[in-house]
Amino acid sequence: MSETLFFVLELIGTIAFAASGAMVGLKKGMDIFGVAILGLCTAVGGGVIRDLVLGITPPVTFQDPVYALIAIATSIAVFLPAVRSRLERGSRLYDVVMLLMDSIGLGVFTVVGVQSAYSVSSSYSIFLLAFVGVITGVGGGVLRDVLAGDTPYIFVKHFYTCASLIGALLCSLAWMPLGSTAATLLGAAAVVALRLCAAYFRWNLPKASPSPGGARR
Amino acid sequence: MSETLFFVLELIGTIAFAASGAMVGLKKGMDIFGVAILGLCTAVGGGVIRDLVLGITPPVTFQDPVYALIAIATSIAVFLPAVRSRLERGSRLYDVVMLLMDSIGLGVFTVVGVQSAYSVSSSYSIFLLAFVGVITGVGGGVLRDVLAGDTPYIFVKHFYTCASLIGALLCSLAWMPLGSTAATLLGAAAVVALRLCAAYFRWNLPKASPSPGGARR
Amino acid sequence: MSETLFFVLELIGTIAFAASGAMVGLKKGMDIFGVAILGLCTAVGGGVIRDLVLGITPPVTFQDPVYALIAIATSIAVFLPAVRSRLERGSRLYDVVMLLMDSIGLGVFTVVGVQSAYSVSSSYSIFLLAFVGVITGVGGGVLRDVLAGDTPYIFVKHFYTCASLIGALLCSLAWMPLGSTAATLLGAAAVVALRLCAAYFRWNLPKASPSPGGARR
């Protein structure tokens, strides 16, 4: 049962992150190949980094084509004229869909990362489990933003990494007492809820004003 | 015999990709160190990523200095006044040489990637072989473009990743029936031919117009 | 004794690189989260890449929280109003502190990289030892600059990679005759001294003028 849950979660995360990557590609005016490749990199990036960190080679994504194919299909769907024109017309709709897709991907991949680390060794510390969860959660989005030439979300979206970290810690801590299913759902829900709340209530943090010298380099 | 072939191919790819990296460095006005380092990263980047993905540690490039030394020598040659001034004067010549070097590097490293994956395990699926081939082929160029602050070729050059994918699939499929030598040459030739045709005939693909909101972030 | 030395060195490098990352974050006007994450990535990036290259999974940083916690604490300290305003006010002070922190981090992580490679196998060639040292030394800074959207130091700061390479070679060559402690201190001191001399005396190298076509892409 638990395996099915993780498979379904990973599919949901793959679709959500592929859509977010494809949407960034749309905004940058890429052609259908570019959009598909950016969607693919976003969807599988976090998992590949996770597997390299855990020593799982070749990474799971390379072994089973289903994730890559779903990511490509999702990206092409985002590129379809009907979807695209709707997203392009209303930049408000674009922002909302982007926020949702990115939050779901972040939540799902964070807990999938924790689960992967557990499956390699159950003696890993909470710290390692949470670290791997965060890397898996944010990895795809960082790759998307670096490849597209944007400042990564992890630096500019309030609470982005923090939401992932809290979810990863919750999931890791609840794993033994509550069981893997409850811990996973709890962790993923926490990430999505925190991220949406942060966006909705515009949680703000102290910020340094860019220094006059900031643009010199 | 087959080993000699792969060694020669890897040298050709190393020289071609080092030249492409060095030329990007020239265009960016880097000094001789910067040019050499960018040439080196471009030439060995794909192979390092491939080895990490396949679990070959330390990567082959780190074990045998010949590839790194050749990449550095090539980069310095591109920096020589005679070569440099000719490349700088005619931006048309620059474009043609860059296209050729990059295409040869892409073709060669794609099939070298497939061969590396085969050498680790002959039971890998066609999907995995092709995936590793593409990663090896495009990895160096992506690293070059990200480090130089450009949008990676894989998103903007028509058919770039597609050419690599078709060559990787051809090579993987022909490996058993035709033997490794024929499969390798066929795959590499297909990549170079497709890439040059795409550039010459300006194969176009549906493209989303950059949305007005695209520059906001 | 030698183990204590490496632990202390790694702490010094972590603090120095975390400070350099946090300062770049300050300059870019990031909030406290962004600054902490950039400091963390800069401080642990080189070590993570080193461990992946050497096949040490999960990377040491993931196993022992002390480095990550120190990096985050350092970044938050840089963000404190007292420190921040002083750094922001005088861009000359900023430049000097940044140069010092970055040089110390480069020197320390270069020799720590050589030591890590030695600890995996004492039969590695000088070439491999030096290569791993350089990757470890420059890795964190490259990650910092790519994530922050800057041109990596390795391409634009005179002598940056070269200083690391000379230090790594010195350390590798002196390891057997002088012992690990002397070799390490010698290598790290050489990197810092070379880097500071290069900055102070403005050592210059032949440079290609950016071609007129350089801005086209």
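Residues numbered from 1 in each chain as written. Chains lettered and ligands numbered in written order. Predicted model: local features only at pLDDT ≥ 70, side-chain atom pairs only at ≥ 80, totals over all residues. Heavy atoms only, no water.

Let's talk about a nonpolar patch on the surface
All names here are of chain A.
Here comes step 1: Together, I126, L165, L169 and L173 line one region of the surface with nonpolar side chains, adding up to about 320 Å² of accessible area.
Here comes step 2: At 3 residues, the largest contribution of residues to the nonpolar patch is made by helix α9 (residues 160-178).
Here comes step 3: Here L169 is to be found in helix α9.
Here comes step 4: Residue class for L169 comes out partly exposed when judged on its relative accessible area of 33%. (Patch = residues over 30% accessible without salt bridge, like charges linked within 9 Å, V, L, I, M, F, W, Y side chains within 5 Å. Areas by Shrake-Rupley, 256 points an atom, 1.4 Å probe, with all protein chains shown as cover. Salt bridge = Lys/Arg side-chain N within 4 Å of Asp/Glu carboxyl O. Helix = DSSP H or I, 4+ residues; strand = E, 2+ residues; numbered from the N terminus. Buried < 20%, exposed > 50% of the residue type's maximum accessible area, 1.4 Å probe, protein only.)

Some points on the relation of the copies chain A and chain B
To go from the first copy of the chain to the second, apply a rotation about an axis and then a shift along the same axis.
Here comes step 1: Laying chain A over chain B is done by rotating through 120° and shifting 0.0 Å along the axis; what remains is an RMSD of 0.0 Å. Between the two chains, the operation in question is that of a three-fold axis. (Least-squares fit on C-alpha atoms with pLDDT ≥ 70 in both.)

Some points on the pattern of salt bridges
Residue and element names in this part refer to chain C.
Here comes step 1: Taken as a whole and judged by the stated rule, the model has 18 salt bridges over all chains.
Here comes step 2: R50 is the partner of E10 in a salt bridge, and the nearest nitrogen-oxygen pair spans 3.6 Å. Remark: R50 occurs in helix α2 (residues 32-54) and E10 occurs in helix α1 (residues 2-27); sequence separation between them is 40 residues.
Here comes step 3: Here R50 falls in the buried class, since its relative accessible area comes to 3%.

Points about the interface of chain C and chain A
Here comes step 1: Across the contact, 32 residues belong to chain C and 31 residues belong to chain A.
Here comes step 2: For the pair chain C and chain A, the two sides together bury roughly 2700 Å², of which 70% comes from carbon and sulfur.
Here comes step 3: On the chain C side of the interface with chain A, the three residues burying the most area are K27, F33 and F62 of chain C, jointly 26% of the side's total.
Here comes step 4: In this assembly, chain C and chain A are joined by 0 residue pairs in polar contact (both at pLDDT 80 or more). (Contact = heavy atoms within 4.5 Å. Buried area = accessible area lost by both parts, 1.4 Å probe. Polar contact = N/O pair within 3.5 Å; in protein donor to acceptor, adjacent residues only side chain to side chain.)

Some remarks on the interface of chain A and chain B
Here comes step 1: Between chain A and chain B, the contact holds 32 residues from the first and 31 residues from the second.
Here comes step 2: Counting the surface lost from both chain A and chain B, the interface buries some 2800 Å², and carbon and sulfur atoms represent 69% of this.
Here comes step 3: At the junction of chain A with chain B, the criterion picks out 0 salt bridges.
Here comes step 4: Here chain A is connected to chain B by 0 residue pairs in polar contact (both at pLDDT 80 or more).
Here comes step 5: Listing elements by their share of the side of chain A that touches chain B, those giving two or more residues are α1 (2-27), α2 (32-54), α3 (60-63), α4 (66-79), α5 (81-89), α6 (91-120) and α7 (126-148) of chain A.
Here comes step 6: Among the elements that make up the side of chain A that touches chain B, the one with the highest residue count is α2 of chain A (6 residues).

Notes on the UniProt feature "transmembrane region" (unreviewed entry) in chain A
Residues and elements named next belong to chain A.
Here comes step 1: Under the local residue numbering, the UniProt record ascribes the feature "transmembrane region" (unreviewed entry) to residues 6-26, 33-53, 65-84, 96-118, 124-143, 155-176 and 182-201.
Here comes step 2: From the first C-alpha to the last, residues 6-26 spans 30 Å; its make-up is 100% helix and 0% strand.
Here comes step 3: Helix and strand shares over residues 124-143 are 90% and 0% respectively, and the end C-alpha atoms of the span are 26 Å apart. (UniProt positions renumbered as here; feature names shortened; annotations may be inferred.)

Here's the deal with the relation of the copies chain C and chain A
Here comes step 1: Mapping chain C onto chain A is achieved by rotating through 120° and translating by 0.0 Å along the same axis, at an RMSD of 0.0 Å.
Here comes step 2: The two copies present different faces, since only 6% of the interface residues in chain C are matched by interface residues at the equivalent positions in chain A.

A closer look at the side chain of D51 of chain B
All names here are of chain B.
Here comes step 1: Looking at the secondary structure, you find D51 in helix α2 (residues 32-54).
Here comes step 2: By relative accessible area, which is 1% here, D51 ends up buried.
Here comes step 3: Those residues in contact with D51, other than ones at most four positions away along the chain, are I56, P59, V60 and T61.

Things to note about α9 of chain A
Here comes step 1: Relative to the 27 Å expected for 19 residues at 1.5 Å per residue, α9 of chain A spans 26 Å between its end C-alpha atoms, a close match to the ideal helical length.
Here comes step 2: Within α9 of chain A, the full set of buried residues consists of Y160, T161, C162, A163, S164, G167, A168, C171, S172, A174 and W175 of chain A.
Here comes step 3: Summarising the contacts, the buried residues of α9 of chain A are in contact with α1, α6, α7, α8 (153-156) and α10 (180-200) of chain A together with α2 of chain C.
Here comes step 4: Count one or two residues on from α9 of chain A and you reach G179 of chain A, which has phi positive near 90°. (Expected span 1.5 Å × (residues − 1).)

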